[in-house]
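# Breakdown of the fold
Residues per chain are reported as follows:
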Amino acid sequence: AQLYGIPDWGRGFFGVNSAGEMTVEIDGTKGPVQVSLMEIVAGLEQRGYDMPIVLRIENLLQSRIVYLNETFRGAIAAAGYQGRYRGVFPVKVNQQCQIIEEICRFGAPYQHGLEAGSKAELVLALANLTPGGLLVLNGYKDREFIDLGLWAHKLGHPCFFVIESPAELELLIERSHQLNVRPHIGARIKISTQVSGMWTETSGDRSSFGLSSTQLLAMVETLQAAEMIDCLEMLHCHLGSQIPCLEDIGRGVEEACRYYINLCREGAPMGYLDLGGGLAVDYSGRCSGDGHSRNYSLEDYCQAIVTTIAATLDNTGIAHPHIVTESGRATVAYSSMLLFNILDVMHFEADPLPQPFPANEAEILQEQHRFFTTLNGHDYHQAVILRDRMRQQFRDGQLSLRQRTLGENLFLATAQKVVATARQSGLSSPQISELQDALADIYYGNFSVFQSLPDTWAIDQLLPVAPLHRHDQRPTREAILSDLTCDCDGKLDQFIVGGELRKTLPLHAFSPGENYYVGAFLMGAYQETLGDLHNLFGDTHVASVRINEEGGYDLIEEISGDTIGEILSYVEYSPSVLFDRMRKEAEQAVREQRLTVTERQQFLTLFGDNLSGYPYYRG
Ligand code: PLP
């Protein structure tokens, strides 16, 4: 467990039991409850689900919402802060129906609301929002978007129109007069505080979102002229997602408070300060300020926000605002994981060399062999030169396939010797690590990076990856994970191992036909809808379970993955037309006596089964 950092990134939600299987852990009323992920996998396979599967654990989502709200409440009480915490979930982080319904259900006791950034998101948010939950509207708003929000207001939902550009303010004023609503208005500002991290281009002067100070002032004047300054109740800012350093958050909040104070002084009633998202997830478990982690706890985050606002506003005579955050990633990342099986492995290992080495072999191969036998250091530069010369001779037609194979084998044997010698003498260098990575196995996993873990490909996001079992055995191989797509980018080659960022993952020896299961964890945020159909691998099956007090689990919801026919229809094919074409072609083959009638039926059954089948590998 330690090797894979499970206690660090798992935050008590994941562990390993005495059988060496990964577990999900929850706090039951009578103490901690553990359920093996392998037990869940077995149960799902018995129910007919093939890998890969996205597994959602309902309890983890509930636990995150409760923790977020309770921690803010605690910080507010401890600081004697006058406002309340009003969390909203940004729908774009995971729009899946079941996730939104669960967030609204578990968030209801806290009036946890929703944030929508488009008309489609508003439609689903409006139909799911629980009483009293805030509805925060970001994004570019046209007349339909605004009208729907105004009707939400009429229905009694506290709906905030966050103005991101001067043009939409005019439209909001016009439509609210038409519909006779005095809307709650927010102003989204560009915060100039630059923050570090991988997803932070939403802050700074060049951010494409939010109003500059000049535009903000113009907005205030427009509202004053329209006698609607009393509608301006919220200041909104978003520093970026996955902010690794607490110090950056503190500076951003301070700047936001200064804008807030000034808007109050301009006559706006205000009352809400929305700090957007940014609460980071510790994907690496290293608790550090790098992009995959964060240097603070949730307690630190809440306390920093509460005390910074209080300290900046005290002595101004302005009441503490209600604090809104739009934490997405930190709310949903933990509850979903991608489970898949390993199908095959490619080793980069030398086959035994001929003994004795044939004296009449081609000169280049003799040279390679001499270098291999006499090598006793770590400088393998000459081995690369010899290998490249050997390859050139093959291209020139001077070496046969058998000789090329021997040459490649000699190079591999040399590289392995270099790595083994370095390991024995405890030597490490960037070249040796590079060579070690180049010799790592490729484990082929039954999944698509592009469909299920797109951020790992698009922006090098790190997600914790670990085998689901065999933790009682020492992993003896080093590997990268390749997916099913025919794309060299379809791989996972960034891992957290023993607290270090590495290009290879220790895995257990595997032979085809064996059951070996691996999980990619903390993937509940952003991945599901960003995923694409590369190579026409569609949505995987989704199973949602709730861990029960008895140490078992209840299957709450099962969603079958896309069939091949469904995927083809997404790219405008009609499965019935395709089937019909094949029927005609098979009948023609019968007429021409290339198929018997029985064979025609066998083929059509196979074609039909494929259309209604799962696109992933089925054993
Ligand atoms: N709010 C806004 C306006 C955003 O743009 C985002 C994402 O970038 C979020 C909230 C969610 O951020 P996070 O997932 O870091 O909490």
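Model, not experiment: these values are computed from the prediction.

## Let's talk about the overall build of the protein chain
A tally of helices and strands in the protein chain yields 21 helices and 23 strands. For the protein chain, the spread of C-alpha atoms along the three principal axes comes to 95 × 70 × 55 Å. Evaluated residue by residue, the protein chain yields a buried proportion of 45% over its 619 residues. Contacts in the protein chain between residues at least 24 apart in sequence constitute 74% of all its contacts with a sequence separation of at least 6.

## A short note on the domain arrangement of the protein chain
Partitioning the protein chain into structural domains gives domain 1 (134–327), domain 2 (363–437) and domain 3 (576–611). Distance from the C-alpha centre of domain 1 to the C-alpha centre of domain 3: 61 Å.

## Examining the sheet that holds strand β6 (residues 113–116)
Sheet architecture is open: eight strands sit in the order β5-β6-β7-β8-β9-β10-β11-β12, paired in parallel fashion. In the strand order of this sheet, the two ends are held by β5 (88–90) and β12 (322–324), each with one partner. On average, each strand axis in the sheet is inclined to that of its neighbour by 25°, with strand direction left out of account. Alignment of strand β7 (residues 135–137) against strand β8 (residues 159–163), held across three bridges, turns out to be parallel. Within β8, the position partnered with Leu135 by the bridge is Cys159. On the sheet, helix α6 (residues 143–154) packs against β7 and β8 and is oriented at approximately 150° with respect to β8.

## Considering the pairing of strand β10 (residues 232–236)
Burial analysis of β10 places five of its five residues in the buried class, which makes it a mostly covered element. Note that strand β9 (residues 184–188) and β10 share four bridges and pair parallel. Bridge assignment links Gly186 to a residue of β10, and that residue is Met234. Here three bridges tie β10 to strand β11 (residues 272–274), and the two strands are oriented parallel to one another. Within β11, the position partnered with Leu235 by the bridge is Leu273.

## A short note on the environment of Leu339
Relative to the elements of secondary structure, Leu339 occurs in strand β13 (residues 336–346). The buried category is assigned to Leu339, around which 26 C-beta atoms lie within 10 Å. Residues Leu339 and Ile53, 286 residues apart in the sequence, show an inter-C-alpha distance of 5.3 Å. Once you skip the residues sitting within four places of it in the chain, Leu339 turns out to touch Val41, Met51, Pro52, Ile53, Leu55, Leu468, Tyr517 and Gly519.

## Examining unusual backbone geometry
Each neighbour pair has its own omega, and for Met51 with Pro52 the value is 0°, a cis peptide bond. Mapped onto the fold, Pro52 is located in the loop between α2 (37–46) and β4 (53–57). Residue Pro356 is reached from Gln355 by a cis peptide bond, and omega for that bond is -10°. Within the secondary structure, Pro356 sits in the loop between β13 and α12 (363–374). In this model, Met270 sits at a positive phi of 50°, which is unusual for a non-glycine residue. Assignment of secondary structure puts Met270 in the loop between α9 (246–265) and β11. Overall, Met270 belongs to the buried group, with 21 C-beta atoms counted inside 10 Å. Look at Leu522: it is not a glycine, yet its phi comes out positive at around 60°.

## Considerations on the UniProt feature "domain: Arginine decarboxylase helical bundle" (unreviewed entry) in the protein chain
When the UniProt feature table is mapped onto this chain, "domain: Arginine decarboxylase helical bundle" (unreviewed entry) is found at residues 380–435. Taken as a whole, residues 380–435 contains 80% helix and 0% strand, while its terminal C-alpha atoms sit 10 Å from one another.

## What to know about the packing of α9 against helix α10 (residues 298–313)
The relative placement of two packed helices is expressed as an angle between their axes plus a distance between the axes. Contact pair α9 / α10: the axes reach a minimum separation of 9 Å and the direction vectors enclose 35°. For the crossing formed where α9 meets α10, the hand is right-handed. Contact with α9, carried on its side by Leu246, Ile249, Gly250, Val253, Glu254, Cys257 and Ile261, involves Asp300, Tyr301, Ala304, Ile305, Thr308, Ile309, Thr312 and Leu313 of α10 and no other residues of that element. By residue class, the composition of the contact of α9 with α10 is ten nonpolar, three polar and two charged.

## Details of the sheet that holds strand β1 (residues 14–16)
Here three strands make up an open sheet; going across it, the order is β1-β2-β3 and the pairing antiparallel. Each edge of the open sheet is held by one strand with a lone partner, namely β1 and β3 (31–36). The sheet shows a mean angle of 40° between the axes of neighbouring strands, direction not considered. Pairing between β1 and strand β2 (residues 22–28): three bridges, direction antiparallel. Note on β2: the bridge partner recorded for Gly15 is Thr23. Sheet strands in contact with α2 are β2 and β3, and its direction is about 50° off that of β3.

## Description of the confidence of the model for the protein chain
With 98% of its residues at a pLDDT of 70 or more, the protein chain shows a mean pLDDT of 95. Both scores are given for the predicted complex: the pTM is 0.94, the ipTM 0.99.

## As for the nonpolar core
Leu135, Leu235 and Leu339 are the most contacted members of the largest nonpolar core, which has 147 residues in total. Excluding residues that lie within four positions of it along the chain, Leu135 makes contacts with Gly113, Leu114, Ala125, Leu129, Ala152, His157, Pro158, Cys159 and Phe160.

## Some thoughts on α10
Look at α10: 23 Å from first C-alpha to last across 16 residues, which is about the 22 Å you get at 1.5 Å a residue. Buried within α10 are the following residues: Tyr301, Cys302, Gln303, Ile305, Val306, Ile309 and Leu313. Turning to α10, the residues buried within the fold contact α3 (58–79), α9, β11 and β12. Looking one or two residues beyond α10, the residue adopting positive phi is Asn315, at roughly 75°.

## Section: the packing of helix α5 (residues 119–128) against α6
Where α5 meets α6, the axes come as close as 10 Å, and the angle between the chain directions of the two elements is 15°. Between α5 and α6, the interaxial angle falls into the category roughly parallel. Judged by the twist between their axes, the crossing of α5 over α6 is left-handed. Across the interface between the two elements, Lys119, Leu122 and Leu126 of α5 pack against Glu144, Phe145, Leu148, Gly149 and Ala152 of α6. When its residues are assigned to classes, the contact of α5 with α6 shows five nonpolar, one polar and two charged.

## Remarks on the environment of Leu124
Secondary-structure assignment places Leu124 in helix α5. Counting along the chain gives ten residues from Leu124 to Leu114, while the straight-line C-alpha distance between them is 9.8 Å. Beyond its immediate stretch of four places on either side in the chain, Leu124 contacts Val91, Gln95 and Ile100.

## Overview of the pairing of β4
Among the five residues of β4, five are classified as buried, and the element is accordingly described as predominantly covered. Residue alternation in β4 divides its side chains into two sets, Ile53, Leu55 and Ile57 and Val54 and Arg56, and both sets are buried. In terms of strand pairing, β4 meets strand β22 (residues 541–547) through five bridges, oriented parallel. By the bridge assignment, Arg56 is partnered in β22 with Ser544.

Here is what the cut-offs are and how they apply
- Residues numbered from 1 in each chain as written.
- Predicted model: local features only at pLDDT ≥ 70, side-chain atom pairs only at ≥ 80, totals over all residues.
- Helix = DSSP H or I, 4+ residues; strand = E, 2+ residues; numbered from the N terminus.
- Buried ≥ 20, exposed ≤ 12 C-beta atoms within 10 Å, placed from the backbone.
- Contact = placed C-beta atoms within 7 Å.
- Domains from an automatic or database assignment.
- Pairing = 2+ DSSP bridges.
- Axes fitted to C-alpha atoms, helices over the stretch in contact; angles between N-to-C directions.
- UniProt positions renumbered as here; feature names shortened; annotations may be inferred.
- Left-handed = near helix turned anticlockwise from the far one by under 90°.
- Nonpolar A, V, L, I, M, F, W, Y, C, P; charged D, E, K, R; others polar.
- pLDDT = per-residue confidence, 0-100.
- Core = buried A, V, L, I, M, F, W, Y, C linked by C-beta atoms within 7 Å.
- Expected span 1.5 Å × (residues − 1).
- Parallel < 35°, antiparallel > 145°, perpendicular 65-115°, else oblique.

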